[in-house]
Amino acid sequence: MGDVGGHGTSIRLSYHSQLSAAHRLAWLVAPQQTGSCARGYQRMATKFAILLGLLAAVSQATGDCESRHFQCRDGSGCVPLFLRCDGISHCSDGFDEEACDALPTVALPANASVTARVQFATAHDSFELHLCGGQHCSRVLLWGEGKDGTLRYETQTSCNLCGRRCSNRVKTHIEGSYILRPGEVVLEVQHRPGQLAVWRQGRPDDVVEVPVGADYGTLRVRPYYWGTDMPVRYTGDSLPASAAPSVTASPAAAPAECESGKLKCKDGQCVSGRYRCNGSNDCRDGSDEEDCYRLNMVALPVNASGTARVQFAKVHGIILVHLCGGQRCSSVWLFGERDNGTLAYRTFTGCNALGWRGNGVKDHWSGSDKDFAPGEVVLEVQHRPGQLAVWRQDRPDDVVEVPVGADYGMLRVRPAYWVADMPVQFTIAATKAGTTK
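Thresholds, definitions, all that
Residues numbered from 1 in each chain as written. Predicted model: local features only at pLDDT ≥ 70, side-chain atom pairs only at ≥ 80, totals over all residues. Heavy atoms only, no water. Helix = DSSP H or I, 4+ residues; strand = E, 2+ residues; numbered from the N terminus. Buried < 20%, exposed > 50% of the residue type's maximum accessible area, 1.4 Å probe, protein only. Contact = heavy atoms within 4.5 Å. Polar contact = N/O pair within 3.5 Å; in protein donor to acceptor, adjacent residues only side chain to side chain. Core = buried A, V, L, I, M, F, W, Y, C linked by side-chain atoms within 4.5 Å. Disulfide = S-S within 2.5 Å. Phe/Tyr/Trp six-rings, centres within 6.5 Å; stacked < 30°, edge-to-face > 60°. Lys NZ or Arg CZ within 6 Å of the ring centre and 35° of its normal. Salt bridge = Lys/Arg side-chain N within 4 Å of Asp/Glu carboxyl O. Pairing = 2+ DSSP bridges. Axes fitted to C-alpha atoms, helices over the stretch in contact; angles between N-to-C directions.

Student: Even after reading the chapter, I still don't get the environment of lysine 266, so can you show me in this structure?
Tutor: Here lysine 266 is to be found in the loop between strand S14 (262–264) and strand S15 (270–272). Residue class for lysine 266 comes out exposed when judged on its relative accessible area of 66%. As a C-alpha pair, lysine 266 and arginine 284 span 18 residues in sequence and 9.2 Å in three-dimensional space. Among all residues touching lysine 266, those that are not within four sequence positions of it are Asp285, Ser287 and Glu290. A polar contact is formed between the side chain of lysine 266 and the side chain of glutamate 290, at a distance of 2.8 Å.

Student: Would you mind showing me how to read the nonpolar core here?
Tutor: Within soluble globular proteins, side chains that are nonpolar tend to cluster in buried spots. Among the nonpolar cores identified, the biggest contains 30 residues, and Phe127 and Leu129 are the most heavily contacted of them. Take this core: its biggest share by element is 4 residues, from strand S4 (residues 113–120). Setting aside residues no more than four positions away along its own chain, leucine 129 makes contact with Ser138, Arg139, Val140, Leu142, Leu187, Val189, Val198, Leu219, Arg220 and Val221. Counting 28 residues, the second largest nonpolar core, distinct from the first, contains Ile319, Leu379, Leu388 and Leu411.

Student: Please explain the state of the cysteines as it appears in this structure.
Tutor: Should the sulfur atoms of two cysteines be covalently bonded, the bond is a disulfide. Taken as a whole and assessed by the stated rule, the structure comprises 9 disulfides. The disulfide bridge from cysteine 132 ends at cysteine 137, spanning 2.0 Å between sulfur atoms. Taking the torsion about the sulfur-sulfur bond, which here is approximately 105°, the covalent link between cysteine 132 and cysteine 137 counts as right-handed. Since its relative accessible area comes to 6%, cysteine 132 is described here as buried. Between the sulfur atoms of cysteine 324 and its disulfide partner cysteine 329 the distance amounts to 2.0 Å. Taking the torsion about the sulfur-sulfur bond, which here is approximately 105°, the covalent link between cysteine 324 and cysteine 329 counts as right-handed.

Student: When you look at the packing of aromatic side chains in this model, what are you seeing that I'm missing?
Tutor: Each pair of aromatic rings is reported with the distance of its centres and the angle of its planes. Summed over the entire model, instances satisfying the criterion amount to 10 aromatic pairs. Grouping aromatic residues by their ring pairs yields a cluster made of Phe82, Trp143, Tyr224 and Tyr225. Directly above the ring of tryptophan 226 sits arginine 84, whose terminal nitrogen or CZ lies 3.9 Å from the centroid. Residue placement shows arginine 328 over the ring face of tyrosine 178; its charged tip is 3.9 Å from the ring centre.

Student: Is there a simple way to explain the pattern of salt bridges in this structure?
Tutor: It is possible for side chains bearing opposite charge to pair when their charged atoms get close. Tallied over the full model, the rule gives 23 salt bridges. For glutamate 337, the salt bridge identified is with arginine 392, shortest N-O distance 2.5 Å. With glutamate 337 in strand S19 (residues 329–337) and arginine 392 in strand S23 (residues 387–392), this pair connects stretches of sequence that are 55 residues apart. Through salt bridges with shared partners, a single ionic network connects Glu337, Lys370, Arg392 and Asp398.

Student: Would you take a moment to explain the sheet that holds strand S21 (residues 359–364) for this structure?
Tutor: Picture the strands of a sheet paired through backbone hydrogen bonds; they go either parallel or antiparallel. Pairing in this open sheet of 6 strands is antiparallel, and the strands run S16-S25-S18-S19-S20-S21 from one edge to the other. The open sheet has two edge strands, strand S16 (296–299) and S21, and neither has a second partner. For this sheet the average axis-to-axis angle between neighbouring strands, irrespective of direction, equals 15°. Examined bridge by bridge, strand S18 (residues 319–324) and S19 share 6 bridges and lie antiparallel to one another. Bridged to histidine 322 within S19 is serine 331.

Student: Quick question: what am I supposed to make of the environment of alanine 123 here?
Tutor: Within the secondary structure, alanine 123 sits in the loop between S4 and strand S5 (127–132). Exposure remark for alanine 123: the relative accessible area of 12% places this residue in the buried category. In this structure, the C-alpha to C-alpha distance between alanine 123 and tryptophan 226, residues 103 residues apart in sequence, is 8.6 Å. Discounting chain neighbours no more than four positions away, the residues touching alanine 123 are Arg68, Tyr225, Thr228 and Asn281.

Next up, the structure:
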């Protein structure tokens, strides 16, 4: 999900803000319409294609691509996966606009309905439904769901034939969005007169609607990040015209070793160590989400307190302290010290079960903060009613607090960059109710 700065916030970036500066300029100056889903759009002058290729070549470093990017076949650059098959050539060889017809589509004329069984994975982040006609599409982008369990989404009209570059945003309802759980997501889809309606099976009260054109009659479902397959099976009033799964983009060859701060996946790909055990498959083979049970954990029920002796190394970057329940966690990010010697930190609530993708509560840090010195960092932790409190040993005046859920009771301490283990020794003792330090 395009998280801001990787710090677990639920804010999503717009398409333009997620691109490199060079790609943003190329997109604005030279929107070259290509690909099977861009029929009916006029191609721009050749000089813009040349400019695009030059900008991509300058903006990309040699070697493997970052997470959620893929490398153009000719090696000209790395392209974000959400830009694949958007009707614009971001690769100078047009590789990102190939095989777009592999996206699962089905005929859906007016007054017809269909059930779409979507095999969703966290690597997809979210997914889209397009209803298209001869020249344009309407789009429903399903971000996830809110704490109340209802869908979070955006709807747009007057999109190109790839369901992108929409000129009219109809509705945005994405506040407090959490990614959908991996597995089968069953959607009911209905083409009402002048309108596309979408809801989850068994939830007709939570419907998403978007206006559609009079000639619209082809439904397409695609992942937001199209780097792994997202099979869709259609059943109901309409039979599939094409229900082929997505085609995975050809990966770039990975280097033999990864640079500092990066994790080497089992297949040799390098991803940021910050992505390890965050609830999303950032490695193509999913190996970054393996062995997460090895993280340092201990029970910390309400009114209990304890000491965590953390063996910190420079490569770990930041110390993360999570208090978790059955589904969610609250998180404290300890960056080091401010100039005045107090802790530099950020706090989050509503994080996933691994302590990521939460809502920011408080920021008390800056780019000039000093990292913790390598060696033992001794933290005191206390589970107060409705709150987790963290401070350094002998510094109870410099405490960090974050709200926690009623069922929270499992403490976890981990490095932000888990490229090397960070041993932690816990000493936990129960305290009397209402006692604080």
